Amino acid sequence: MRIKKVTTEAELQTAFDFRRNVFIEEQQVPEEEEYDEFDALDAPCDHILVYYNEQPVGTGRLRVVDGYGKLERICILEEYRKFGLGKEVIVGLEQIARDKGLTKAKLNAQSYAEGFYEKLGYQREGEEFMDCGIPHILMKKYW
C-alpha cells in the first residue's frame, strides 16, 4: 500500500474514474453534484491516489476550509475495501494537512461510516443531514 499525491492529468482522471464508479454508479449521486471547481490540478486542494499491489484503487482530496483540513471525495473501489485502504487515504490526507501547518480536520461522513471514522479519532458534531440523497454527519478531529 502506498499513497501518492496527484500531479498529472492522467492521475487526476484516474481519481475521477474511481469517483464515477463509487459515487455516481454505485451510490447514484448525480454527476453534476459530484464534480466541482476543485477538480483540477491547479485548484486550491490536493488529490491523492491509494495503491494496492502497485495498482491505484482509491482516492480522496483535501481542501483548507476555515482553518480545517477538509477531507472529501474519499472512496475505494469495492473489491479493495477489505484491505484497510480507507484508513490509508485518511492518514495520507491528514499528513498533507499537518504539512500545511493545520491542527485539525473535518469531513462530512456518510452516516453508515461513522464508526469507521470514530476509530480514526473523529468525533461527531451536530445532527444528521442529507447530501446528494445520502444521510451524512459532520465529524472533526484535533491533533
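Residue positions are given per chain, counted from 1 along the sequence in the order it is written. Reporting of local features is limited, given that this is a predicted model, to residues whose pLDDT is at least 70; pairs of side-chain atoms are given and counted only at 80 or more, and all residues count toward the totals for whole chains, interfaces and linings. Side-chain metrics in this entry use all non-hydrogen atoms of the structure; hydrogen atoms and water are not considered.

Colleague: Could you give an account of the pattern of salt bridges, naming the residues involved and the relevant values?
Modeller: Throughout this description, the term salt bridge denotes a Lys or Arg side-chain nitrogen within 4 Å of a carboxyl oxygen of Asp or Glu. Summed over all chains, the structure comprises 18 salt bridges. As a salt-bridge pair, Arg-61 and Asp-39 come within 2.8 Å of each other at their nearest N and O atoms. Linking Arg-61 in strand E3 (residues 55-65) with Asp-39 in the loop between helix H2 (31-34) and strand E2 (45-52), this pair joins segments that are 22 residues apart in sequence. Burial classes follow relative accessibility: with a 1.4 Å probe on protein chains only, a residue under 20% of its type's maximum area counts as buried, one over 50% as exposed, and anything between as partly exposed. Owing to a relative accessible area of 12%, Asp-39 belongs among the buried residues under this scheme. Only DSSP runs of H or I with at least four residues qualify as helices, and only runs of E with at least two residues qualify as strands; both kinds are numbered from the N terminus onward.

Colleague: Could you give me a rundown of the nonpolar core, with the residues and numbers involved?
Modeller: Counting residues in hydrophobic clusters, the biggest one holds 23 residues, and the most contacted among them are Leu-71, Leu-93, Tyr-117 and Tyr-122. Of all elements in the fold, only E2, E3, strand E4 (68-76), helix H3 (85-99), strand E5 (104-110) and strand E7 (134-142) reach the threshold of two or more residues within this core. Residues count as neighbours in contact if any of their non-hydrogen atoms are within 4.5 Å of one another. Excluding residues that lie within four positions of it along the chain, Tyr-117 makes contacts with Ile-74, Ile-90, Leu-107, Ala-109, Tyr-122 and Met-139. Among the buried residues, those of types Ala, Val, Leu, Ile, Met, Phe, Trp, Tyr and Cys that are joined through side-chain atoms within 4.5 Å form a nonpolar core. In terms of nonpolar packing, the next biggest core, distinct from the first, is built from 13 residues, Phe-16, Phe-23, Leu-49 and Ile-134 among them.

Colleague: Now, about the layout of surface pockets: what can you tell me, with residues and values included?
Modeller: Rolled over the atoms, a probe sized like a water molecule indicates the empty space that remains. In this analysis a 1.4 Å probe is tested at points of a 1 Å grid over the protein atoms alone, and where it fits but cannot get out there is a cavity; an open set with protein on both sides within 12 Å along at least five of seven lines is a pocket; lining residues have an atom within 4 Å of a point. Grid points are joined across faces, edges and corners, and a volume is the space filled by probe spheres set on the points. By volume, the largest pocket is sized at about 780 Å³. Lining the largest pocket we find 31 residues, and of these Phe-23, Ile-74, Cys-75, Gln-110 and Tyr-117 sit closest to its centre. Elements supplying a minimum of two residues to the lining of the largest pocket: helix H1 (9-26), H2, E4, H3, E5, helix H4 (114-119) and E7. All residues other than Ala, Val, Leu, Ile, Met, Phe, Trp, Tyr, Cys, Pro, Asp, Glu, Lys and Arg, Gly among them, are scored as polar; the first ten of these are nonpolar and the last four charged. Across the lining of the largest pocket, the residue classes break down as 16 nonpolar, 6 polar and 9 charged.

Colleague: Quick one: what's the story with the sheet that holds E7, residue by residue and with numbers?
Modeller: Across the sheet, which stays open at both edges, the 7 strands sit in the order E1-E2-E3-E4-E5-E7-E6 with mixed pairing between neighbours. Bordering the open sheet on either side are strand E1 (2-5) and strand E6 (123-131), each of which pairs with just one other strand. In this sheet, adjacent strand axes meet at a mean angle of 25° when their direction is disregarded. Where helices are involved, their axes are fitted lines through C-alpha atoms of the stretch in contact, as for all axes, and angles between N-to-C directions lie from 0 to 180°. Relative to E2, H3 is tilted by about 145°, and along the sheet it contacts E1, E2, E3, E4 and E7. If DSSP finds at least two bridges between two strands, the strands pair.

Colleague: So, the environment of Leu-138: which residues are in play, and what are the values?
Modeller: Structurally, Leu-138 can be placed in strand E7. The exposure class assigned to Leu-138 is partly exposed, which follows from its relative accessible area of 22%. Sequence separation between Leu-138 and Ile-48 is 90 residues, and the spatial gap between their C-alpha atoms is 22 Å. Residues in contact with Leu-138, not counting those within four places in the same chain, are Lys-106, Leu-107, Asn-108, Gln-123, Arg-124, Glu-125 and Phe-129.

Colleague: Tell me about the side chain of Lys-70, and please be specific about residues and values.
Modeller: Checked against the element boundaries, Lys-70 lands in strand E4. Non-local contacts of Lys-70, meaning those with residues more than four positions away in its chain, are made with Arg-61, Leu-62, Arg-63, Val-65, Lys-106 and Asn-108.

Colleague: Explain H3 residue by residue, including any values.
Modeller: By this rule the span expected of a helix is its residue count minus one, scaled by 1.5 Å. With 15 residues, H3 ought to run about 21 Å at 1.5 Å a step, and its terminal C-alpha atoms sit 21 Å apart, in line with that. Residues of H3 that are buried include every one of Leu-85, Gly-86, Val-89, Ile-90, Gly-92, Leu-93, Glu-94, Ile-96 and Ala-97, and no others. Those residues of H3 hidden inside the fold are in contact with E1, E2, E3, E4, H4 and E7. Note on H3: the residue one or two positions beyond its end, Gly-101, has a positive phi of about 85°.

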